[in-house]
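# Reading the structure
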Amino acid sequence: MILILLGAPGSGKGTQAQVLCKKYTIPQISTGDMLRAAKKAGTLDPKYLAIMDAGGLVPDEAVIGLIDRRIDESDAAPGFLLDGFPRTVPQAEALGQLLANRNRKIDRVIQLDVPRAMIEERTIYRRTDKRSGQIYHLKYNPPPSDAELDHRADDQPEAVNKRLDAYEAMTAALLPYYEKMGLLRRVEGVGKPEEVTQRVFAALDIQAAK
Ligand code: AP5
């Protein structure tokens, strides 16, 4: 099972990815998480760090290289879920080539649709537990009192708006790209996270999780 989750920043890709990966026992491969891990380890090129914190996209070749190596790891043998990659048509074309070289193919691309007006609140109140990676929202999904919370540098309003602009300029072009290939399913991303999960399962033609 090879899945791609598309959607604007804060549309709920990471939240839904955690549920889907558990259901299918496949790893979540998030280029954003990989870049943030490199930042934490001090190995991220300072040029990329500045781009990320300001809400821009790092160059295609940097993230394509990350994916090329990651999909050959043993846990990705049964399949994987891509969250935040691809983000541009050149990244999608490169992914197609990487998979073709390995005789693998994408099963489904899910786009989470959330109006721009709702995104700012979702991102500004987002917190992630540093230890578990669990995503919380201070209003809609409050963290437990013992969580060690991280507030992302790119979740400040100015950077959020820049990320939304980048999404609209670059990533939205992926929708017709995958639609033409017959892989795209659009899912309404508004409502409780569990309701969105049920819609995603329906779009994947699998029985709803209990
Ligand atoms: P990345 O980490 O991929 O961030 P993103 O795409 O901007 O997505 P987010 O993680 O912000 O949001 P999400 O959709 O996962 O939402 P979440 O589930 O957390 O990328 C970060 C940066 O890295 C990029 O800006 C770029 O610089 C760089 N980068 C990464 N990949 C790249 C690539 N391929 N090419 C170039 N550059 C790349 O939910 C958000 C909040 O809403 C949470 O608080 C959550 O609890 C809450 N929430 C979720 N669902 C609901 C719901 N149904 N109702 C209410 N609240 C909800």
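Our structure is the block above this text.
Residues numbered from 1 in each chain as written. Predicted model: local features only at pLDDT ≥ 70, side-chain atom pairs only at ≥ 80, totals over all residues. Heavy atoms only, no water.

### Topic: the packing of aromatic side chains
What characterises a pair of aromatic rings is the spacing of the ring centres plus the angle enclosed by the ring planes. Spelled out, the test is: The pairing test for Phe, Tyr and Trp rings, Trp by its six-membered ring, is centres within 6.5 Å, and the orientation test on the planes gives stacked under 30 degrees, edge-to-face over 60, and tilted for anything in between. Exposure categories follow from relative accessible area, calculated using a 1.4 Å probe and restricted to protein chains: below 20% of the type maximum is buried, above 50% is exposed, and the middle band is partly exposed. By definition here, charges over rings are those cases where NZ of Lys or CZ of Arg is within 6 Å of the ring centre and within 35 degrees of the ring normal.
Under the definition given, this model contains one aromatic pair. Between the aromatic rings of Tyr-177 and Tyr-178, the centroid separation amounts to 5.0 Å while the plane-to-plane angle is 85°, which identifies the pairing as edge-to-face. Looking at Tyr-177, the relative accessible area reads 23%, which means it is partly exposed. On the basis of relative accessible area, Tyr-178 is assigned to the buried category, the value being 1%. Lying across the ring of Phe-201, Lys-23 places its NZ or CZ 5.3 Å from the centre.

### What to know about the pairing of strand S3 (residues 80–83)
Selection rule: Secondary structure counts use DSSP, requiring at least four H or I residues in a row for a helix and at least two E residues in a row for a strand, with both numbered from the N terminus. At least two bridges found by DSSP between two strands is the condition for calling them paired.
Taking every second residue as pointing to the same face, both faces of S3 are buried, with Phe-80 and Leu-82 on one and Leu-81 and Asp-83 on the other. Sheet topology note: the strand S1 (residues 2–7)/S3 ladder contains four bridges and is parallel. Within S3, the position partnered with Ile-2 by the bridge is Phe-80. Pairing between strand S2 (residues 28–30) and S3: three bridges, direction parallel. Within the sheet, the bridge partner assigned to Ser-30 lies in S3 and is Asp-83.

### Section: the site of the ligand
Note the following rule: Only a single heavy atom is needed: when it lies within 4 Å of a molecule or strand, its residue is near that molecule or strand. Here a polar contact is recorded for every N or O atom pair within 3.5 Å, except that within protein the pair must consist of a potential hydrogen donor and a potential acceptor, and residues adjacent in sequence are included only if both atoms are side-chain atoms. To measure how exposed things are, a 1.4 Å probe is used in the Shrake-Rupley method; for residues, cover is taken only from the protein chains shown. By the convention adopted, Pro, Cys, Tyr, Trp, Phe, Met, Ile, Leu, Val and Ala count as nonpolar, Lys, Arg, Asp and Glu as charged, and the other residues, Gly among them, as polar.
Neighbouring the ligand are 35 residues, the closest being Thr-15, Gly-56, Arg-87, Arg-126 and Arg-163. With respect to the ligand, the side chain of Arg-87 contributes an N or O atom lying 2.6 Å from an oxygen atom. Contact with the protein chains covers 96% of the free accessible surface of the ligand, which is 1,000 Å². Where the shell around the ligand is concerned, the elements lending two or more residues are helix H1 (13–24), helix H2 (31–41), strand S6 (135–137) and helix H9 (193–203). With four residues, H2 is the single largest residue contributor to the shell around the ligand. Across the shell around the ligand, the residue classes break down as 13 nonpolar, 13 polar and nine charged.

### Focus: the environment of His-137
Let me state the cut-off plainly: Residues are treated as being in contact if the distance between any of their heavy atoms lies within 4.5 Å.
Residue placement: His-137 occurs in strand S6. The class of His-137 is buried, set by a relative accessible area of 8%. Each C-alpha atom of the pair His-137 and Arg-127 lies 6.0 Å from the other, and the pair is 10 residues apart in sequence. Apart from the residues within four sequence positions on either side, His-137 is in contact with Glu-121, Arg-122, Tyr-125, Arg-126, Pro-142 and Pro-143.

### A few points about the pattern of salt bridges
Stated formally: For this document, the term salt bridge refers to a Lys or Arg side-chain nitrogen within 4 Å of an Asp or Glu carboxyl oxygen.
A full pass over the atoms with the stated rule returns 18 salt bridges. Asp-113 serves as the salt-bridge partner of Arg-186, at 2.9 Å between the closest nitrogen and oxygen. Taken together, the positions of Arg-186 in strand S8 (residues 184–188) and Asp-113 in strand S4 (residues 108–113) put the pair 73 residues apart, joining distant regions of the chain.

### Describing the sheet that holds strand S7 (residues 149–150)
One open sheet accounts for three strands, arranged S6-S5-S7; its pairing is antiparallel. In this open sheet, the two strands that pair with only one neighbour each are S6 and S7. Pairing geometry for strand S5 (residues 126–129) and S6, over three bridges, is antiparallel. The residue of S6 that forms the bridge with Arg-126 is His-137.

### Focus: the environment of Glu-61
Here Glu-61 lies in helix H4 (residues 60–70). Overall, Glu-61 belongs to the exposed group, its relative accessible area being 59%. Through-space distance from the C-alpha of Glu-61 to that of Asp-75 is 23 Å; in sequence the pair is 14 residues apart.

### Here's the deal with H9
Using the following cut-off: What the arc covers is the set of directions going from the helix axis to the C-beta atoms.
Those residues of H9 that sit buried are Val-196, Thr-197, Val-200, Phe-201 and Ala-203. Across the axial projection of H9, the buried residues extend over an arc of 155°, all falling on one side. Of the residues one or two after H9, Asp-205 is the one with positive phi, at around 60°.

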